[in-house]
Protein chains: 2
Amino acid sequence: MVSAILRLMADTPGPAEPSLEEQIAAYQREFQGLDPQVERVVSALSRLNRRMNVAYGRQTAELGISNAEWEVLKALVLAGEPYRLGPGDLARRLGLTPAAMTHRIDRMVAEGLVTRERDESNRVRVIVGITEEGRAKWLEGLRMATVFEEELLQDLSGDERTQLGAMLTRLLRRVEEAQPDAGGRLTDLD
Amino acid sequence: MVSAILRLMADTPGPAEPSLEEQIAAYQREFQGLDPQVERVVSALSRLNRRMNVAYGRQTAELGISNAEWEVLKALVLAGEPYRLGPGDLARRLGLTPAAMTHRIDRMVAEGLVTRERDESNRVRVIVGITEEGRAKWLEGLRMATVFEEELLQDLSGDERTQLGAMLTRLLRRVEEAQPDAGGRLTDLD
DNA sequence: GCTTCGAAGTTTAGGTCTGAAGTCTTCAAG
DNA sequence: CTTGAAGACTTCAGACCTAAACTTCGAAGC
């Protein structure tokens, strides 16, 4: 209860986001029967993700592109040879609507990151390919990301990293079973 | 009449999102020198978060509100007595701009989830409070979330949950040090 | 060959967010 | 007083997304 007194006395400081532990304490106060163990895992996951996306956003901004655009480049590269996909396929991989994909491709073509052409053998289809510049920006973004990610995990030993990866994979498998439909209408990096 | 046969033939193996392991393999192929251990942790984190947000979104949709609105209710409840905050404070806690907060509060007032009044002692300030209905929806949303979260973690033993929480907390601390400024311009739950 | 259906993209209308430019209130100094 | 500066919120313009209507092409049935 010291904090209450201190807070009364130091009333002016800018009210920031509560810390993870403060938030868990508040949850306990407002809702008995909440497992703090579970809450810590879930809230930490969410906060971590927010911070990671902020970091990625700053990095891609240095390249003059957005996270969203980097995601498109990544999907094209990871698709492998010949590094071309249709808008519909891209939309499914990124978890957004075909309409959004159309707009995004518009912008990226204008910026010289990708190309758009009609499929000659089936003129309804469109093919999106990556340009040299797009590929270069993808690579540079990836380089920056790996530096950040290594820094993020630097406190964890090799064994711990393995354990963490295994546990997260288990959780992921469980939600994927519960959500067989391609869930993912949210902008996010991975 | 023919629909049964048509459905059997209509295989439509629509190209979906690559699995986590496929993605890691593709990364290795396109960029030597990437640590698969690190990549697995980071990608699993991101995918998990996406799935969790989809799940939360479905739950809040059942209540007739959005994730974003539920977040506001949560911030008000977790603030504690008297469950009132200014728009600026709310915006800082949720990680969005004051402009967005104004709009969000507009909608929520119209829906009867929160109240908005001017502070009599300082007429520049505005005070947002939670209504009975808002509080009820927060509680119901939390109940649904805890069921989902318990299900998500059901494969992990108590020890594993503790370990996982501890490791994630360590990662979080590290990014928070690297990003001392309140990072968080992204919609997300926690 | 024509017609109809379905698939792939695009267009349009509307919602929510950001960043920048107001508006209004308070406070301190002249 | 009154004037200027700072703070809190709102308004405005622009970006990007979703849902739904539309356009076009290709394929199957008659």
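Scroll up to find the structure.
My aim in this report is to walk through the structure given alongside it, one point at a time. Since this is a predicted model, take the numbers as computed values, not measurements.

Reading guide: rules and limits
- Residues numbered from 1 in each chain as written.
- Chains lettered and ligands numbered in written order.
- Predicted model: local features only at pLDDT ≥ 70, side-chain atom pairs only at ≥ 80, totals over all residues.
- Heavy atoms only, no water.
- Contact = heavy atoms within 4.5 Å.
- Buried area = accessible area lost by both parts, 1.4 Å probe.
- Salt bridge = Lys/Arg side-chain N within 4 Å of Asp/Glu carboxyl O.
- Near = heavy atom within 4 Å.
- Polar contact = N/O pair within 3.5 Å; in protein donor to acceptor, adjacent residues only side chain to side chain.
- Nonpolar A, V, L, I, M, F, W, Y, C, P; charged D, E, K, R; others polar.
- Least-squares fit on C-alpha atoms with pLDDT ≥ 70 in both.
- Pairing = 2+ DSSP bridges.
- Helix = DSSP H or I, 4+ residues; strand = E, 2+ residues; numbered from the N terminus.
- Axes fitted to C-alpha atoms, helices over the stretch in contact; angles between N-to-C directions.

Attention now moves to the interface of chain B and chain A. Many authors give the size of an interface as the accessible area that is lost as the parts come together. The interface of chain B with chain A comprises 84 residues on the first partner and 84 residues on the second. Summing the contributions of chain B and of chain A, the shared interface buries around 8,300 Å²; its carbon and sulfur component is 62%. Taken together, the connections running from chain B to chain A amount to seven salt bridges. Residues A:E160 and B:R170 are paired through a salt bridge, measuring 2.6 Å at the closest nitrogen-oxygen approach.

We now examine the protein's contact with DNA strand C. The environment of DNA strand C is formed by 21 residues, the closest being A:G88, A:A99, A:T102, B:T97 and B:R104. In the environment of DNA strand C, a phosphate oxygen lies 2.9 Å from a nitrogen or oxygen atom belonging to the backbone of A:G88. The side chain of B:R104 places a nitrogen or oxygen atom 2.6 Å from a phosphate oxygen of DNA strand C. Looking at side-chain class alone, the surface near DNA strand C contains nine nonpolar, six polar and six charged residues.

What follows concerns the relation of the copies chain B and chain A. One copy of the chain maps onto the other through a rotation about an axis followed by a shift along the same axis. The transform that puts chain B on chain A rotates by 180 degrees and translates by 0.0 Å along the axis, for an RMSD of 0.1 Å. Viewed as a symmetry operation, the transformation between the two copies matches a two-fold axis. When the interface residues of chain B are mapped onto chain A, 100% of them again lie at the interface, so the same face is used by both copies.

This brings us to the sheet that holds strand 1 (residues 84-85) of chain A. All names here are of chain A. The strand order across the open sheet formed by three strands is 1-3-2, and the pairing between neighbours is antiparallel. Among the strands making up the open sheet, the edge pair consists of strand 1 and strand 2 (114-118). On top of the sheet, helix 4 (residues 67-79) reaches strand 1, strand 2 and strand 3 (126-130); it is set at about 95 degrees to strand 3, its chief contact.

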